[in-house]
Amino acid sequence: MSNPPVRSIGVYCGSSPAADPAWLSAAADLGRDLAARDLRLVYGGGGIGLMGACARAARAAGGRVLGVIPEFLLAAEPPPATVDVVVVASMHARKMRMFEEADAFAVLPGGIGTLEETIELLSWRRLGLHGKPLVFFSPGGFWDPLLALFQKFIDERLLPAVFVGGWRAVDEVAEVVPTLLAMSRETWTTPTVNSLI
């Protein structure tokens, strides 16, 4: 199957204001790149950490931004005043809305929340529920332990080798969007029942 054209990119990343300044700068670079390419940013709605840096930079560069945030996080992670925000009832609703709004996904450094969101996306792809591209931005090998775990699953025959075709990893933030766009032009195959066992 072919994917639809990429018009919106979902970004999963950390909300910690204590993140490495280099990562905050890279998140802002990604926001500006999305704006320059007229790609809408869909993100978790917060105004702090990598999330806030990416969203503010995208808007400042004239880009379109949609934040999706659960009501209970509004006080802890207030959205930037310049972005369009949808307030939802739960984390589950946030993930589903972001999935529906985005055509591809970029994963920047983050913590347990970023990991959980990413694993769900990959699980859905594993089950043939979507073929949306996903790219890890892995500065300094940040995501290497997770990618090594994926390979361990494959080595132990808990996942088929084709699983690695569902994502890419890049070292430079400038490679994120070109890689997503290249992946979007690839065809993907819905797993058969036998391949899910």
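Residues numbered from 1 in each chain as written. Predicted model: local features only at pLDDT ≥ 70, side-chain atom pairs only at ≥ 80, totals over all residues. Heavy atoms only, no water.

K.L.:
Explanation requested: the packing of aromatic side chains in the structure shown.
P.N.:
In total, this model carries nine aromatic pairs according to the counting rule given. Taking 4.9 Å as the distance between ring centres and 85° as the angle between the ring planes, the aromatic pair formed by Phe142 and Trp143 counts as edge-to-face. Both rings, one in Phe150 and one in Phe163, keep their centres 5.4 Å apart while their planes meet at 90°; by these two values the pair is edge-to-face. Placement of the pair is Phe150 in helix α5 (residues 144–155) and Phe163 in the loop between α5 and β7 (168–170), with a sequence separation of 13 residues. Taking relative accessible area as the criterion, Phe150 reaches 3% and is therefore assigned buried. By relative accessible area, Phe163 is classed as buried at 12%. Taking the ring centre of Phe99 as reference, the NZ or CZ of Lys132 above it sits at 3.8 Å. (Phe/Tyr/Trp six-rings, centres within 6.5 Å; stacked < 30°, edge-to-face > 60°. Helix = DSSP H or I, 4+ residues; strand = E, 2+ residues; numbered from the N terminus. Buried < 20%, exposed > 50% of the residue type's maximum accessible area, 1.4 Å probe, protein only. Lys NZ or Arg CZ within 6 Å of the ring centre and 35° of its normal.)

K.L.:
Can you walk me through helix α1 (residues 21–36) in this structure?
P.N.:
At 3.6 residues per turn, the α-helix brings residues three or four places apart onto the same side. Between its first and last C-alpha atoms α1 spans 23 Å; for 16 residues at 1.5 Å apiece the expected length is 22 Å, and the two agree. Among the residues of α1, Ala26, Ala27, Ala28, Leu30, Gly31, Asp33, Leu34 and Ala35 are the ones counted as buried. Buried positions along α1 lie against β1 (8–12), β2 (40–43), α2 (49–60), β5 (104–107), β6 (134–137) and α6 (176–184). Where α1 begins, the capping side chain belongs to Asp20, and its oxygen is found 2.8 Å from the backbone nitrogen of Ala22. (Expected span 1.5 Å × (residues − 1). Contact = heavy atoms within 4.5 Å. Polar contact = N/O pair within 3.5 Å; in protein donor to acceptor, adjacent residues only side chain to side chain.)

K.L.:
Looking at this model, I keep getting lost on unusual backbone geometry. Mind explaining?
P.N.:
Trans is the common state for peptide bonds, and a negative phi is the common state for residues other than glycine. Of note in the backbone geometry, Asp38 takes a positive phi value of approximately 55° without being a glycine. Relative to the elements of secondary structure, Asp38 occurs in the loop between α1 and β2.

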